[in-house]
Amino acid sequence: MSSDLPAHMRPERSFQGFILALQRYWADYGCVVLQPYDMEMGAGTFHPATTLRALGPKPWNAAYVQPSRRPKDGRYGENPNRLQHYYQFQVILKPNPPNLQELYLESLAAIGVDSSLHDIRFVEDDWESPTLGAWGLGWECWCDGMEVSQFTYFQQVAGFECAPVAGELTYGLERLAMYVQGVDNVYDLNFNGRDGDRKVTYGDVFLQAEQEYSRHNFEYADTAMLFEQFKMAEGACKKYLDAGWQNGGDANDKRHLMALPAYDQCIKASHVFNLLDARGVISVTERQSYILRVRELAKACGAAWLATAGGGRA
Amino acid sequence: MPDLLFELFSEEIPARMQARAADDLKKIVTDRLVDAGLVYEGAKAFATPRRLALTVQGIPARQPDLKEEKKGPRVGAPDGAIQGFLKSAGLASIAEATVQKDPKKGDFYVALIEKPGRPAIDVLAEILPIAVRTFPWPKSMRWGTGRLTWVRPLHSIVATFGPETEEPDVVAFSVDGIDAGKTTRGHRFLAPGEIGVRHFDDYVGALERAKVVLDPERRKQIILADAKNLAFAQGFELVEDQALLDEVSGLVEWPVVLMGSFDEAFLKIPPEVVRTTIRANQKCFVVRKAGGSLANKFILVSNVEASDGGNAIVAGNERVIRARLSDAKFFYETDLKTKLEDRLPKFDHIVFHEKLGTQAERIARIGRLAVELAPLVGADVEKVQRAAKLCKADLLTEAVGEFPELQGLMGRYYAAAQGEDASVAAACEDHYKPKGPDDAVPSDPVSIAVALADKLDTLTGFWIIDEKPTGSKDPFALRRAALGIIRLVLDNGIRLPLLKAFDCAADKFPQNLPGENGTVAFQAHVLSQTPGHGPARAARYFVGAELRNFFADRLKVQLREQGARHDLVDAVFALEGQDDLVMIVRRVDALAAFLSTDDGKNLLAGIKRAANILRIEEKKDKAEYTGAPDEKLYRQDEERALANAIAVAKSDASAAVAREDFSVAMTAMAKLRPHVDAFFDKVTVNVDDKDVRENRLKLLNEIRAATRAVADFSRIEG
């Protein structure tokens, strides 16, 4: 497939071509291809298209890139592999099709990873997100000894059992692209697939941001403001949840009218917590209680979502 | 007789669960076969990353017919009883029952019930789906829209049954929409097509042709042999690693062993770090040069025969390993820039345990305790102080943060690098030892002092806050800590008075720790045990006594593993004030040697006889016969001879015990034997003369008392 493409669009030459190839593969499968959610979050799983859509009986197939913020992973642009901002490509299929593993392997072929040349392995890795009250079983997928994706069958999200089960694929885009392009430093990735003067590298796009945000995350992020923001997001989330319940007769009849805005505040609280954590102002014991507070929000949002049309309430 | 072939084909099963799953599958199916009266000839189970397989050979084609006699009511019983009997036995009329004669109780009815056996294949069709539905995976999951749970999605089932020479039948059943059949698949990449299978033999062959080695043991053999050869061909030697071999054999169906290399410069990192990096992250083996040092090579086990001979796979793995080793090198070099003592202030903010305070407090306690222990183990006080101060500092290094299993070892490297004394550097690693029953015990006095202090602090602390091991739960590895102290003390012959050591360790903790003294009942118990102490002191005193009992149990386990009798340990621990492990073990050894002699056995019999008589008479008279016998009341020579022998034995044994010469003490005891024998031979204890009888009972008590110089013989079995 990649041979039909102009050189600058080929996944092994171009980071953006690589992303487009993945999008096209999953679009061909029938996924809704979404654009990134417009909020800061630690992983693509936090996107409501995964967290909330994984709940309830309705089928849902979606794929999207999600910028992921990991304030603690910043290295001032000095580490060739670690970034405080990177891209995840997220696929969620509910119910998971029986041939999900084969679909995943075909997607690797679409971005230039040939399984007759490479050693691709499914190595046990069970996934758990304490902040989302979620867990699932699956693997980390290895290509020649490198972890390139997470593969998870969701069992529980926001404290609710997933039935049907959703399959989630998360591709670490930079890492995979580095592999396919054959570069050892993420900042050397060819972003636009051009050569010479017209070439734009990952470093051209993101190095300065990594330096500045590392400084911000570790040294200057305003902790007083962040503590306040956490409280405000938590308060707003609860407020919207309370206000969103529309009174029906019995519990099965109750509907919620503001699950999505409430969940935004949960995402917000989670990211603010990550920033505070990176600033080192949360002690070990407090840490647990913050995680618990976000989880309570996530659970309440999940309950609200299940009382919406998207969550399957007729 | 027919055989069963059963295969459960799924998505990738975690390597660590495969061996156990194969065993479980075999047990579940064969147990149920036996319960159903189908006794088989043999069974074997296998696991690969994608399948569990079971073969059971020689299953009878049918269950045996069952004949059962059911006893009924007596002849002439009321009609209700007769009708009930007919119903339960499935008989149409009482004429179908036989009558059994019984002259004593009267004749009664008996029904002969015959249950014809069913075809084995029908029984299997019931057993196999139950095995699937109730399989004990440590963690299992649902998938898609189904309700079945399995370790990962289950895709197909093979279940065939029939004699070797014939086309077998499919065992007809279905689990959650998956029908059992005769079709499986080969290797995921090398032979993904469907394969028709019949019996176990052609199944194994067909899989082999489809690039699947079914038997994990064979996969291990292939990996090990190929890895050794590959290393050998280049003049190296494989560093064998059984746990890694077990794991990688569970990650591949078709092992292909390849060798890669990394930059020589990485060999400047400590070899353990290189090995751990390559092993933990990449699941690859390392190799060494002829001289024993690591080579810049690694061995990987791939799951595919690649079309380029594995070049891309090797290159990919080399890149990952290069990145990992770069990280490790960076960690190591960064760590070297900070002195260990400069890391210590951070411990003020790190909680060791919420009730036991910070790491800094713990390190200070260990330091003070280690210094107190130093003279006892012959260690230099200053070195002990230094070692105790630095020994935990590596917990804050990058290398240990990345690889927690390198704690201690990195401390040693960093201590040596900053020019610490060799004993101090060694103690940074060795104070954690011995980590298990097979781990080496340190012999350097500095290491011993810090190791003892570390473990005593742990044990005493958790005992004070009432976090003791229960049953199989021992989250703080307190049994291991106690065993560690036992081995440190015994292997090095250290005379450590345990109770005093517990007391010293307990003194380092602040009074009234949260959770201290446990429940009200516990506190009351403490007070009743130790009158005159304040509650806090009393609690700590009781902690010491309880810990001593814990050590007695651990010592028993330890000695039993070395073949010693646990009752001999009890016999020694039952004596007053036994808290010196070295002496206890020497007493036990001497006692064991003594009891293997005729003198020992007979004396034990005599002592037991004396004790029995005393117990019976004391109970009968509701009195205790203690105190010295009156020599004026002796009536026979044997009494006098025994009394004299006891006096001599007692004094000789006590003197020998004071010299810690337990075999001489035992010899002194042995001299009692002929006199005890003669006493029982010639002297009657229960005579009419009340005073003489009492005097003789007191003499018996003297035997018991005298022998307590060496052990409490009443605790000895046999």
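Rules used in this analysis
Residues numbered from 1 in each chain as written. Chains lettered and ligands numbered in written order. Predicted model: local features only at pLDDT ≥ 70, side-chain atom pairs only at ≥ 80, totals over all residues. Helix = DSSP H or I, 4+ residues; strand = E, 2+ residues; numbered from the N terminus. Rg over C-alpha atoms; globule rule 2.2 N^0.38 Å. Contact = placed C-beta atoms within 7 Å. Pairing = 2+ DSSP bridges. Axes fitted to C-alpha atoms, helices over the stretch in contact; angles between N-to-C directions. Nonpolar A, V, L, I, M, F, W, Y, C, P; charged D, E, K, R; others polar. Domains from an automatic or database assignment. Core = buried A, V, L, I, M, F, W, Y, C linked by C-beta atoms within 7 Å. Buried ≥ 20, exposed ≤ 12 C-beta atoms within 10 Å, placed from the backbone. Expected span 1.5 Å × (residues − 1). Parallel < 35°, antiparallel > 145°, perpendicular 65-115°, else oblique. Left-handed = near helix turned anticlockwise from the far one by under 90°.

### Examining the overall build of chain B
Piece 1. When helices and strands are counted, chain B shows 26 helices and 18 strands.
Piece 2. Scaling as 2.2 N^0.38, a compact globule of 718 residues should have a C-alpha radius of gyration of about 27 Å, whereas chain B reaches 36 Å, well beyond that.
Piece 3. Referenced to the eigenvectors of the C-alpha coordinate spread, the extents of chain B come out at roughly 100 × 100 × 50 Å.
Piece 4. Considering only residue pairs separated by 6 or more positions, chain B has 67% of its internal contacts joining residues 24 or more positions apart.

### Topic: the sheet that holds strand β6 (residues 108–115) of chain B
All names here are of chain B.
Piece 1. Taken in spatial order, the 3 strands make up an open sheet running β4-β6-β5, and their pairing is antiparallel. The outermost strands of the open sheet, each flanked by one partner alone, are β4 (66–74) and β5 (98–100). The mean inter-strand angle of the sheet, taken between neighbouring strand axes irrespective of direction, is 35°.
Piece 2. Where β5 meets β6, 3 bridges bridge the pair, whose relative direction is antiparallel. By the bridge assignment for β6, Gln 100 is matched with Phe 108.
Piece 3. Running at roughly 170° to β4, helix α2 (residues 79–89) makes contact with β4 and β6 of the sheet.

### Considering the sheet that holds strand β13 (residues 237–238) of chain B
Residue and element names in this part refer to chain B.
Piece 1. What the 4 strands build is an open sheet, ordered β13-β15-β16-β14; its pairing is antiparallel. Strands with a single pairing partner mark the edges of an open sheet, and in this sheet they are β13 and β14 (256–261).
Piece 2. Bridging between strand β15 (residues 285–288) and strand β16 (residues 294–302) involves 3 bridges; their strand directions are antiparallel. Looking at the pairing, Arg 288 lines up with Leu 294 of β16.

### Here we look at the interface of chain A and chain B
Piece 1. Opposite the 27 residues of chain A that make contact, chain B presents 29 residues.
Piece 2. If you tally residues by element for the side of chain A that touches chain B, the top one is strand β4 (residues 120–124) of chain A, at 4 residues.
Piece 3. For the side of chain A that touches chain B, the residue count by class is 13 nonpolar, 8 polar and 6 charged.

### Some details on the domain arrangement of chain B
Piece 1. The domains assigned to chain B are domain 1 (3–62 + 120–209), domain 2 (78–114), domain 3 (216–336), domain 4 (343–563) and domain 5 (586–715).
Piece 2. Between the C-alpha centres of domain 3 of chain B and domain 5 of chain B there is a distance of 69 Å.

### Regarding the nonpolar core
Piece 1. Core analysis: the biggest nonpolar cluster contains 274 residues, and Cys 301 of chain A together with Ile 299, Ala 449 and Val 450 of chain B have the highest contact counts within it.
Piece 2. Among the elements that line this core, the one with the most residues is helix α15 (residues 445–464) of chain B, at 12 residues.
Piece 3. Look past the residues within four positions of Val 450 of chain B in its chain and what remains in contact with it is Ile 366, Ala 370, Val 384, Ala 387, Ala 388, Cys 391, Ala 427 and His 431 of chain B.

### Things to note about helix α1 (residues 15–29) of chain A
Residues and elements named next belong to chain A.
Piece 1. For α1, with 15 residues, the first-to-last C-alpha span of 22 Å sits near the 21 Å given by 1.5 Å per residue.
Piece 2. Buried within α1 we find Phe 15, Gly 17, Phe 18, Ala 21, Leu 22, Tyr 25 and Trp 26.
Piece 3. Within two residues after α1, Gly 30 carries a phi angle of roughly 120°, on the positive side.

### Details of unusual backbone geometry
Piece 1. Here the amide bond leading from Lys 94 of chain A into Pro 95 of chain A is cis, since omega sits at -10°, within 30 degrees of zero.
Piece 2. Turning to its location among the elements, Pro 95 of chain A is positioned in the loop between β3 (85–94) and α3 (100–110).
Piece 3. Positive phi outside glycine occurs at Asp 144 of chain A, with the angle close to 50°.
Piece 4. Relative to the assigned elements, Asp 144 of chain A resides in the loop between β6 (134–143) and β7 (146–157).
Piece 5. According to the C-beta neighbour criterion, Asp 144 of chain A is buried, with 26 such atoms within 10 Å.
Piece 6. Of note in this structure, Lys 283 of chain B is not a glycine but carries a positive phi near 55°.
Piece 7. Residue position: Lys 283 of chain B is located in the loop between α7 (271–282) and β15.
Piece 8. By the C-beta count within 10 Å, which is 18 here, Lys 283 of chain B ends up partly exposed.

### Here we look at the packing of helix α5 (residues 216–233) of chain B against helix α6 (residues 242–249) of chain B
Residue and element names in this part refer to chain B.
Piece 1. Orientation of α5 relative to α6, taken along the N-to-C sense of each, is 120°, at an axis distance of 9 Å. On the basis of the axis angle, α5 is oblique to α6. Viewed along their axes, α5 and α6 form a crossing whose handedness is right-handed. Taken together, the residues of α6 that come into contact with α5 (itself represented by Pro 216, Arg 219, Lys 220, Ile 223 and Leu 224) are Leu 245, Val 248 and Ser 249.

### Points about the packing of α7 of chain B against helix α8 (residues 311–336) of chain B
Residue and element names in this part refer to chain B.
Piece 1. Where α7 contacts α8, the two axes come as close as 10 Å, and the packing angle between them is 135°. The orientation of α7 relative to α8 falls into the category oblique. When you trace α7 past α8, the crossing you get is right-handed. Contacts between α7 and α8 involve Val 273, Val 274, Thr 277, Ile 278, Asn 281 and Gln 282 from the former and Asn 317, Val 320, Ile 321, Arg 324, Leu 325, Ala 328 and Tyr 332 from the latter.
Piece 2. Here the contact of α7 with α8 is built from residues that sort into 8 nonpolar, 4 polar and 1 charged.

### Some words on the domain arrangement of chain A
One widely used convention gives an interface's size as the accessible area the parts lose upon coming together.
Residue and element names in this part refer to chain A.
Piece 1. Parsing chain A into structural domains produces domain 1 (2–217) and domain 2 (222–305).
Piece 2. Each partner contributes residues to the interface: domain 1 has 20 residues there, and domain 2 has 20 residues.
Piece 3. Split by residue class, the side of domain 1 that touches domain 2 holds 12 nonpolar, 5 polar and 3 charged.

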